[in-house]
Amino acid sequence: MQKLKLLYEGKAKKVYETPDADLLIQEFKDDATAFDATKRGTIAGKGVINNKISAKIFELLDTKGVATHFVKLLSDRDMLIKKVKIVPIEVTIRNIVAGGMSKLLDIEEGRRLKTPVLEYHYKEDKLHDPLINDYHIRALELATDAELEEICSSSFTINEILRRFFEEKNLILVDFKLEFGRYRGRILLADEISPDTCRLWDKATNEKLDKDRFRRDLGNVEGAYQEVYRRVVG
Ligand code: 5GP
């Protein structure tokens, strides 16, 4: 499938039109940003790694009945996806306290939560993706009741599938962010699932093997991404 016009360039990906009006190509870049792009850098090989990890996870979710935008891998950095209309909500699921939740509630990172926490954030960089709840979503018509129900139940299902999947790779799924899109009247999981969008800690040592190494200047960023790649893709 051929890349046509560049439709959108984001912080970590480029999206191209294709000859099929229903399909797009998502290209994964090595560029990394954090804190609403106030911190910028490059993680060598990240694009290839995130493309292949995301593909592997989308394929796994597909076998478990979770509908996603993924069609197929095209090359090291490119995947073919369905052209969804992104719902302007970011869903965060947390199994262990870290990052935003640690700051918001002044709880030390690493506390295991009794039950998973689901958060909705309004997808708007200039507002720093603020925390919202389901009342905001309905009142502002960001999603319908039926869509929200689908997004919520699908997010918890994805958490159960991924927690088990990463556990088998000796990785703890601390938290992650999901985006969904509308496609022919259905809700599909979109975007990517990778060490850019998940916190993953080594099961034996709790070592951080995700984008926090870049955000927090912990060093060996490339090594962490490669290690997740090795365990997940093989
Ligand atoms: P937090 O709210 O603690 O900063 O993030 C929670 C989880 O969602 C983390 O795994 C983080 O990587 C992911 N996440 C939240 N917002 C974003 C975002 O805008 N970009 C990326 N790449 N990940 C995000």
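For clarity, every value in this text was computed on a predicted model and none was experimentally measured.

Procedures and definitions
Residues numbered from 1 in each chain as written. Predicted model: local features only at pLDDT ≥ 70, side-chain atom pairs only at ≥ 80, totals over all residues. Heavy atoms only, no water. Near = heavy atom within 4 Å. Polar contact = N/O pair within 3.5 Å; in protein donor to acceptor, adjacent residues only side chain to side chain. Areas by Shrake-Rupley, 256 points an atom, 1.4 Å probe, with all protein chains shown as cover. Helix = DSSP H or I, 4+ residues; strand = E, 2+ residues; numbered from the N terminus. Disulfide = S-S within 2.5 Å. Buried < 20%, exposed > 50% of the residue type's maximum accessible area, 1.4 Å probe, protein only. Expected span 1.5 Å × (residues − 1).

Novice: Is there a simple way to think about the site of the ligand in this case?
Specialist: Taken together, 16 residues lie around the ligand, and Arg 94, Gly 100, Asp 175, Asp 196 and Arg 199 are the ones closest in. With respect to the ligand, the backbone of Gly 100 contributes an N or O atom lying 2.7 Å from an oxygen atom. The separation between an oxygen atom of the ligand and a polar side-chain atom of Arg 199 is 2.9 Å. About the coverage of the ligand: the protein hides 78% of its 490 Å² of free accessible area. Counting only elements with at least two residues in the shell around the ligand, the list comes to strand S8 (85-96), helix H2 (99-105), strand S11 (171-183) and strand S13 (198-202).

Novice: Where do I start with the state of the cysteines in this structure?
Specialist: By definition, a disulfide links two cysteine residues through a covalent bond between their sulfur atoms. Counted according to the given criterion, the structure contains zero disulfides. Cys 152 forms no disulfide, and the closest cysteine sulfur to it belongs to Cys 198, at a distance of 18 Å. Taking relative accessible area as the criterion, Cys 152 reaches 25% and is therefore assigned partly exposed.

Novice: Please explain helix H4 (residues 145-168) as it appears in this structure.
Specialist: An α-helix turns once every 3.6 residues. As a result, residues three or four positions apart point the same way. Here H4 spans 35 Å end to end across 24 residues, near enough to the 34 Å set by a 1.5 Å rise per residue. One or two steps after H4, the chain reaches Asn 170, where phi turns positive at roughly 60°.

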